[in-house]
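Chain by chain, the residues:
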Amino acid sequence: MWTLVAVAAILGAATPFAGGQAPAGAKVVGGPYVVNVRAQSATVMWLVESGQAGLGTAPNVIEKTAPALHAERVNFSGLRPGATYYYDSFGGDAGKGSFKTPPAGPAQFEFVVYGDTRTRHDVHRSVIAAILKYAHPDFVMHTGDLVADGNDTSLWPIFFDVERELLRKAAFYPSLGNHERNAKNYYQFLDARPYYSFDWGSAHCIVINSDIGNAGATRAEKDAFWEAQTRWLEEDLRDSQKAGFRFVFAHHPPMSAVKRRQGGNPHMAALEPMFEKYRLSAGFFGHDHNYQHYLKDGIHYFITGGGGAPLYDVDAPPAGITRKVEKTENFVVVQVNGAKAHIEAWKPNGEKLDAADLGQ
Ligand SMILES: [Fe+2]
């Protein structure tokens, strides 16, 4: 349900861009997409190429080109919780989209989780097509490694082109992967923060930056970042004890069925006691390019890194906690209904891979 008043407010605010007006030579190369969606606010964005630069090892020889990009950003406040909003951004049908705001109380809703979309764009495209075909997400969670190198501006238009039809109909909540390289592009193009949380109905969703390796230039800077984030995480978990579900999203997983990667993320494994103390419902991760599902001390851990990056073997499933592992592209659909949540993992061909139920 949405009101004409709300739509008129959005259309009015977007008027400067109606009719496809853009600076001379500039073109839209991504979006529209909507980020930072909260019960009463949202940010509509699109990516603009304002020019290109060429580079070569001799005069007048262009061996490499890259676009100059910036993101346009329109903030809306005073929105109603649990409403659908339709917007008009950079002009024409291509600039139109919609999104939902989080419902304030208990409600039925659905979200999708996937990650590691950074390479094999045709596979990434098939995953997005499958989500559009088989799921009906109210919002979209990405577990990181959106692109192969966050600093390379030639890659972001590809990401947004592949994601276009999904992101113009549901709010997007990204996580920072190691391939983003902690680049300014990630923060600017997605109006993102390294870590944040939000409520959607009965669920409290927490996104953290697990990429400690790029979080600072020195060991001391990296450690300081991790300590600050961990303190924030504990406070956020403690403050969300009344939520029906607590979900954490990050790129690097605490455990792995990929033998050569086991023990590779000790900083994430060290968070497990905190997850247990504050009764995390489930964690969603990426980085390993396959599907993994564990149940450990009452907490479900899902690794959904099958969004396009080259697949990894699942050659050493951890004993005692493994529910399902498979070397396949995948995405995860979470349906919350009151005190219950149903989670399914899917292959892009529509085959169901796994299922789990949370809650009483
Ligand atoms: Fe990664």
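Rules used throughout
Residues numbered from 1 in each chain as written. Predicted model: local features only at pLDDT ≥ 70, side-chain atom pairs only at ≥ 80, totals over all residues. Heavy atoms only, no water. Pairing = 2+ DSSP bridges. Helix = DSSP H or I, 4+ residues; strand = E, 2+ residues; numbered from the N terminus. Axes fitted to C-alpha atoms, helices over the stretch in contact; angles between N-to-C directions. Contact = heavy atoms within 4.5 Å. Expected span 1.5 Å × (residues − 1). Buried < 20%, exposed > 50% of the residue type's maximum accessible area, 1.4 Å probe, protein only. Arc of directions from axis to C-beta. Polar contact = N/O pair within 3.5 Å; in protein donor to acceptor, adjacent residues only side chain to side chain. Domains from an automatic or database assignment. Buried area = accessible area lost by both parts, 1.4 Å probe. Salt bridge = Lys/Arg side-chain N within 4 Å of Asp/Glu carboxyl O. Core = buried A, V, L, I, M, F, W, Y, C linked by side-chain atoms within 4.5 Å. Donors = N, O, S within 2.8 Å, 3.2 Å for Na, K, Ca; no water. Tetrahedral: all angles 85-135°; square planar, octahedral: opposite > 155°, others 65-115°. Parallel < 35°, antiparallel > 145°, perpendicular 65-115°, else oblique. Left-handed = near helix turned anticlockwise from the far one by under 90°. Nonpolar A, V, L, I, M, F, W, Y, C, P; charged D, E, K, R; others polar.

Draft legend 1. Spotlight on the sheet that holds strand E13 (residues 291–296). Across the sheet, 7 strands lie side by side as E9-E10-E11-E12-E14-E13-E15; this open sheet has mixed pairing. One side of each edge strand has no neighbouring strand; the edge strands of this open sheet are strand E9 (196–200) and strand E15 (322–326). If you compare each strand with its neighbour and ignore which way they point, the axes differ by 15° on average. With respect to the sheet, helix H5 (residues 219–239) is in contact with E9, strand E10 (203–207) and strand E11 (245–249), its orientation differing from that of E10 by roughly 175°.

Draft legend 2. Structural context of H5. A rise of 1.5 Å per residue sets the reference length of H5, with its 21 residues, at 30 Å; its end C-alpha atoms lie 30 Å apart and thus fit the reference within 8%. Looking only at H5, the buried set comprises Lys222, Phe225, Trp226, Gln229, Thr230, Leu233, Asp236 and Leu237. Take H5 and look down its axis: the buried residues cluster within an arc of 130°, on one side only. Away from its buried face, by an angle of more than 90 degrees, H5 presents the exposed residues Ala220, Arg231 and Asp239. Elements in contact with the buried residues of H5: E9, E10, E11, helix H6 (266–269) and helix H7 (272–277).

Draft legend 3. Focus on the side chain of glutamate 163. Its location among the elements puts glutamate 163 in helix H3 (residues 156–167). One polar contact links glutamate 163 to histidine 124, side chain to side chain, over a distance of 2.6 Å.

Draft legend 4. A look at the domain arrangement of the chain. As assigned here, the chain comprises domain 1 (1–101) and domain 2 (104–358). The distance between the C-alpha centroids of domain 1 and domain 2 comes to 25 Å. Summed over both partners, the interface of domain 1 with domain 2 buries about 2,100 Å², with 51% contributed by carbon and sulfur atoms. Joining domain 1 to domain 2, the criterion identifies 2 salt bridges.

Draft legend 5. Quick look at the nonpolar core. Ranked by internal contacts, the top residues of the largest apolar core, which has 44 residues, are Phe139, Phe247 and Phe284. The element best represented in this core is strand E2 (residues 42–55), accounting for 4 residues. Counting contributing residues per domain, this core is built from domain 1 (1–101) and domain 2 (104–358), each supplying no fewer than three. The residues touching phenylalanine 139, leaving out its near neighbours within four places in the chain, are Phe109, Glu110, Phe111, Val112, Ala170, Ala171, Tyr173, Phe198, Trp200 and Cys205. Residues Val29, Val140, Leu146 and Phe160 belong to the second largest nonpolar core, which totals 33 residues.

Draft legend 6. Up close: the coordination of the iron ion. For the iron ion, the protein coordination sphere consists of Asp145 (OD), Asn178 (OD1), His251 (NE2) and His287 (ND1), at 2.1 to 2.2 Å. Each of the 4 donor atoms around the iron ion contributes to a set of angles spanning 85 to 169°, which defines the coordination as irregular. Taken in sequence order, the residues that donate to the iron ion follow the motif D-x32-N-x72-H-x35-H. Here aspartate 145 is found in the loop between strand E7 (139–142) and H3, whereas its partner histidine 251 is found in the loop between E11 and H6, with 106 residues between them in sequence.

Draft legend 7. Layout of the packing of helix H2 (residues 121–134) against H3. Closest axis-to-axis distance for the H2/H3 pair is 8 Å, and the angle between their directions is 15°. Relative to H3, the element H2 is oriented roughly parallel. Here H2 and H3 pass one another in a crossing that is right-handed. Where H2 abuts H3, its residues His121, His124, Arg125, Ile128, Ile131 and Leu132 lie against Ile158, Phe159, Asp161, Val162, Glu163, Glu165 and Leu166. Class assignment of the residues belonging to the contact of H2 with H3 gives a composition of 7 nonpolar, 2 polar and 4 charged.

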